[in-house]
Amino acid sequence: MSPLRTALLQSSGRPGDVAYNLKALARAAEDAAAAGARLLACPEMYLTGYAIGSGVHELAEPADGESADEIARIAAEHGIAVVYGYPERDGATVYNSAQLIGPDGTRLANYRKTHLFGCFEQEMFTPGDRPVVQAELDGVRIGLLICYDVEFPENVRAHALAGTDFLVVPTAQMHPYQFVAESLIPVRAFESQLWIAYVNRTGPEGEFEFVGLSTLAGPDGVVRARAGRGEETVTGDVDPAFLAASRAANTYLTDRRPELYGSLS
């Protein structure tokens, strides 16, 4: 099975300007596909911006809304899958969501953030209740989490036990928590034996300072690609064969004794 080349789009786009962000996504998809990528991963709330206050509710769309249709068109035009963060409206409820659209434009998976960070998110969003959402792409089982979710080891381990090979995590990770990208993400990948892409926003936005440092980490805990602090796209290969060999050598998952862990729940 060939490696899944993945592009991490580190950008805050233009907060509040969905049309601009869609055009920027189209340019990034074209460039990533030309570089051989089969997946383009975007940050948390990429579609609308993160620190936009009540604009979150004003700009929220259904999972099958106009922006999803446009991203499906972009994906199909360039033959590249896309993961993007957005505020999802379902009736009167708004979620902080991430959607995976396949390289043929098919909507493959939609995940609602289960662990909301801070007062802003807790006031604006309803938490999701499905911890593991997955889809297949080129023989790789992709799972979705969003930002704060990945800081809970239980979330990542749940994905590993459900067979996720590659965890894609759109994020809006801010100063002074850059250690999450620098240290925690490689550890999560190692302890649960999967690939992780952590795709961040960058620069000032409202009261926040997003730190960039988007990261692709392997199951050996080694970082394969890492962005700096500014706007950029980095690319790396997610190798299923390397993952299989790593899982054979590192037996964390098979050496577990779940009968001892009942108190954790």
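In this text the structure is predicted, and so the values were computed from the model without any measurement.

From N to C terminus, the chain includes eight helices and 14 strands. Relative to the compact-globule value of 18 Å for 265 residues, the chain shows a C-alpha radius of gyration of 17 Å, a close match. Taking the principal axes of the C-alpha coordinates as reference, the chain spans close to 50 × 45 × 35 Å. Across the 265 residues that make up the chain, the buried fraction comes to 54%. Partitioning the intrachain contacts of the chain with sequence separation of at least 6 by distance along the chain shows that 69% fall at a separation of at least 24. Accessible area of the chain: about 10,800 Å², with a carbon and sulfur share of 51%.

Two orientations exist for strands paired in a sheet by backbone hydrogen bonds: parallel and antiparallel. Across the sheet, six strands lie side by side as S5-S4-S3-S2-S1-S14; this open sheet has mixed pairing. Only two strands of the sheet have a single neighbouring strand rather than two, namely strand S5 (107-112) and strand S14 (232-238). Shown here is a sheet whose adjacent strand axes are inclined to one another by a mean of 30°, direction ignored. Bridge analysis of strand S3 (residues 81-90) against strand S4 (residues 93-101) gives nine bridges, and the strand direction is antiparallel. When the sheet's bridge partners are listed, Pro 87 is paired in S4 with Asn 96. Where helix H1 (residues 18-34) meets the sheet, its contacts fall on strand S1 (4-10), strand S2 (39-41) and S3, and the angle it forms with S2 comes to roughly 140°.

Along the chain, Ser 67 turns up in helix H3 (residues 66-78). Contact partners of Ser 67, with chain neighbours within four places excluded, come to Val 18, Leu 22, Leu 47 and Glu 61.

Attention now goes to the packing of aromatic side chains. Tallying each qualifying case throughout the model produces 10 aromatic pairs. Judged by centre distance (5.1 Å) and plane angle (70°), the ring pair of Phe 117 and Tyr 148 falls under edge-to-face. Placement of Phe 117 in the loop between S5 and helix H4 (118-124) and of Tyr 148 in the loop between strand S7 (140-144) and helix H5 (153-161) is noted, with a sequence separation of 31 residues between them. For Tyr 148, a relative accessible area of 23% translates into the label partly exposed. Among the aromatic residues, those joined into a cluster by ring pairs are Tyr 50, Phe 120, Phe 208 and Phe 210. Over the ring of Tyr 20 we find Arg 14, and its NZ or CZ is 3.7 Å from the ring centre.

Moving on: a nonpolar patch on the surface. Taken together, Leu 260, Tyr 261 and Leu 264 make up a surface patch of nonpolar side chains, about 320 Å² in accessible area. Counting through the fold element by element, Leu 264 comes out in the segment after helix H8 (252-255). The class of Leu 264 is exposed, set by a relative accessible area of 68%.

Turning next to the packing of H1 against H3. Remark: H1 packs on H3, axes separated minimally by 9 Å, with the N-to-C direction vectors making an angle of 20°. Classed by the angle they form, the pair H1 and H3 counts as roughly parallel. The crossing of H1 and H3 is right-handed. Each of Val 18, Leu 22, Leu 25, Ala 26, Ala 29, Glu 30 and Ala 33 in H1 lies in contact with H3, whose residues at this interface are Ser 67, Glu 70, Ile 71, Ile 74 and His 78.

Parameters and conventions
Residues numbered from 1 in each chain as written. Predicted model: local features only at pLDDT ≥ 70, side-chain atom pairs only at ≥ 80, totals over all residues. Heavy atoms only, no water. Helix = DSSP H or I, 4+ residues; strand = E, 2+ residues; numbered from the N terminus. Rg over C-alpha atoms; globule rule 2.2 N^0.38 Å. Buried < 20%, exposed > 50% of the residue type's maximum accessible area, 1.4 Å probe, protein only. Contact = heavy atoms within 4.5 Å. Areas by Shrake-Rupley, 256 points an atom, 1.4 Å probe, with all protein chains shown as cover. Pairing = 2+ DSSP bridges. Axes fitted to C-alpha atoms, helices over the stretch in contact; angles between N-to-C directions. Phe/Tyr/Trp six-rings, centres within 6.5 Å; stacked < 30°, edge-to-face > 60°. Lys NZ or Arg CZ within 6 Å of the ring centre and 35° of its normal. Patch = residues over 30% accessible without salt bridge, like charges linked within 9 Å, V, L, I, M, F, W, Y side chains within 5 Å. Salt bridge = Lys/Arg side-chain N within 4 Å of Asp/Glu carboxyl O. Parallel < 35°, antiparallel > 145°, perpendicular 65-115°, else oblique. Left-handed = near helix turned anticlockwise from the far one by under 90°.

Honestly, that's just the spatial picture; any functional story needs more than this.
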